[in-house]
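Secondary and tertiary structure notes
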Amino acid sequence: MGLTKEERETIVNFNEADGTAELYTASPVIYRRMTKRGFKGIEIDKNSWRFEILKKEVRLPVKRKQ
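Our subject in this report is the structure included herewith. Keep in mind that what you see is a predicted model, and the values were worked out from it rather than measured. The numbering scheme is per chain: residues are counted from 1 as the chain's sequence reads. Reporting of local features is limited, given that this is a predicted model, to residues whose pLDDT is at least 70; pairs of side-chain atoms are given and counted only at 80 or more, and all residues count toward the totals for whole chains, interfaces and linings. Only hydrogens and water are set aside; all other atoms, that is, all heavy atoms of the structure, feed into the side-chain values.

Side chains of Val-12, Phe-14 and Leu-60 sit close together on the surface and give an oily, nonpolar patch of about 290 Å² of accessible area. Mapping Leu-60 onto the fold places it in the segment after β4 (48–54). Only protein chains enter the accessibility calculation, which uses a 1.4 Å probe; a residue is then buried when its area is under 20% of its type maximum, exposed when over 50%, and partly exposed in between. You can call Leu-60 exposed: its relative accessible area is 60%. Surface patches are defined over residues having more than 30% relative accessible area and no salt bridge, joining like charges when they lie within 9 Å and nonpolar side chains (Val, Leu, Ile, Met, Phe, Trp, Tyr) when within 5 Å. Throughout, the Shrake-Rupley method with a 1.4 Å probe supplies accessible areas, and for residues the shown protein chains are the sole cover considered. Throughout this description, the term salt bridge denotes a Lys or Arg side-chain nitrogen within 4 Å of a carboxyl oxygen of Asp or Glu. Numbering of helices and strands runs from the N terminus; a helix is a DSSP stretch of H or I covering at least four residues, while a strand is a stretch of E covering at least two.

We now examine the pairing of strand β1 (residues 10–13). Paired strands, as defined in this entry, are two strands with at least two bridges between them according to DSSP. When β1 meets strand β2 (residues 20–25), the two strands line up antiparallel, connected through four bridges. When the bridges of β2 are listed, Asn-13 appears paired with Glu-22. Connecting β1 to the next strand, β2, in antiparallel fashion are six residues.

Our next topic: the nonpolar core. Definition used in this section: a nonpolar core is a set of buried Ala, Val, Leu, Ile, Met, Phe, Trp, Tyr and Cys residues joined via side-chain atoms within 4.5 Å. Counting six residues, the largest nonpolar core is built from Ala-21, Leu-23, Met-34, Trp-49, Phe-51 and Ile-53. The element contributing the most residues to this core is β4, with three residues. Contact definition: two residues touch when any of their heavy atoms are within 4.5 Å. Residues within four places of Trp-49 in sequence aside, it is in contact with Leu-23, Tyr-24, Thr-25, Ala-26, Ser-27, Pro-28, Tyr-31, Ile-42, Glu-43 and Ile-44.

A pair can form between side chains of opposite charge whenever their charged atoms are brought close. Tallying each qualifying case throughout the model produces one salt bridge. Residue Glu-22 pairs with Arg-50 through a salt bridge whose shortest N-O separation is 3.5 Å. Of this pair, Glu-22 sits in strand β2 while Arg-50 sits in strand β4; the two residues are 28 residues apart in sequence, bridging distant segments of the chain. Classification of Glu-22 by relative accessible area gives partly exposed; the value is 34%.

Below is the structure:
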């Protein structure tokens, strides 16, 4: 049985001291996007993965001026 939409979360964690960020996802869609872009994930269990990526690869949305 698969996960519910609420359980298919994605968390990005980084701090100012390290040059890397950790991305945890239980979303198959995000997992496929990451692997298509060449990132190698570590499978935590059959429904979740962890990626370690460079912080510069993380893009935060910017609100556009109106």
